[in-house]
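# Structural overview for review
Okay, here's what each chain looks like letter by letter:
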Amino acid sequence: MNIIKKGYFLYGGCRRVEVVICRESIRFGSGDEEDPPEVQEDLPGTWWRLWYGGQAGRFFPSLAEAEAEAGRYGTVWERL
C-alpha cells in the first residue's frame, strides 16, 4: 500500500476514524457481467483510493478529487 496522505475525522463528533489516501496502479472492476465494461473490468493507470477506518473505499482519477471527497467529512490531515 503506497500511502500518500493520512488523517482522521470525528464520527458523530467523538469517534476518531482514520482516513488514508493511497496511490494505486490499477482500479479494480466489479466483475459483474451486468455492469457496463468500464465498471466491470480492471483499469490500469494511476488511481487514488480512499480508506476509511481500515475499509477500502472508492477510486478517484486524481488526488485532488480524493482529497475533496475526504474533506466532506472534515478530515484533518497529519504529516507523514
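### Details of the sheet that holds strand 4 (residues 55-60)
Taken in spatial order, the five strands of this open sheet run 4-3-2-1-5, and their pairing is antiparallel. The open sheet terminates on both sides in strands that have one partner only, identified here as strand 4 and strand 5 (76-78). Geometrically, the sheet is characterised by an average inter-axis angle of 30 degrees between neighbouring strands, direction not taken into account. Sheet topology places strand 1 (residues 2-11) next to strand 5; three bridges connect them, and they run antiparallel.

### So, a nonpolar patch on the surface
The grouping of Met-1, Ile-3 and Leu-80 at the surface amounts to a nonpolar patch, some 360 Å² of accessible area in total. Among the secondary structure elements, Leu-80 is positioned in the segment after strand 5. For Leu-80, a relative accessible area of 67% gives the class exposed.

### Brief notes about the packing of aromatic side chains
By the definition in use, this model includes four aromatic pairs. The interplanar angle of 65 degrees and the centroid separation of 6.1 Å between the aromatic rings of Phe-28 and Phe-59 together place this pair among those described as edge-to-face. Highlighted residues: Phe-28 in the loop between strand 2 (15-27) and helix 1 (37-40) and Phe-59 in strand 4, separated in sequence by 31 residues. A relative accessible area of 16% places Phe-59 in the buried class. Judged by centre distance (5.6 Å) and plane angle (75 degrees), the ring pair of Tyr-52 and Tyr-73 falls under edge-to-face.

### Quick notes on the pattern of salt bridges
Per the counting criterion, the structure on display carries five salt bridges. Close ionic contact of Glu-67 with Lys-5 constitutes a salt bridge, the shortest N to O distance being 2.8 Å. Of the two residues, Glu-67 sits in helix 2 (residues 63-71) while Lys-5 sits in strand 1, which places them 62 residues apart along the sequence. Using a relative accessible area of 22% as the deciding quantity, one classes Lys-5 as partly exposed. The partner of Arg-58 in a salt bridge is Glu-69, and the shortest N-O contact between them spans 3.9 Å. Taken together, the residues span a long stretch of sequence, with Arg-58 in strand 4 and Glu-69 in helix 2 at a distance of eleven residues.

Reading guide: rules and limits
Residues numbered from 1 in each chain as written. Predicted model: local features only at pLDDT ≥ 70, side-chain atom pairs only at ≥ 80, totals over all residues. Heavy atoms only, no water. Pairing = 2+ DSSP bridges. Helix = DSSP H or I, 4+ residues; strand = E, 2+ residues; numbered from the N terminus. Axes fitted to C-alpha atoms, helices over the stretch in contact; angles between N-to-C directions. Patch = residues over 30% accessible without salt bridge, like charges linked within 9 Å, V, L, I, M, F, W, Y side chains within 5 Å. Areas by Shrake-Rupley, 256 points an atom, 1.4 Å probe, with all protein chains shown as cover. Salt bridge = Lys/Arg side-chain N within 4 Å of Asp/Glu carboxyl O. Buried < 20%, exposed > 50% of the residue type's maximum accessible area, 1.4 Å probe, protein only. Phe/Tyr/Trp six-rings, centres within 6.5 Å; stacked < 30°, edge-to-face > 60°.

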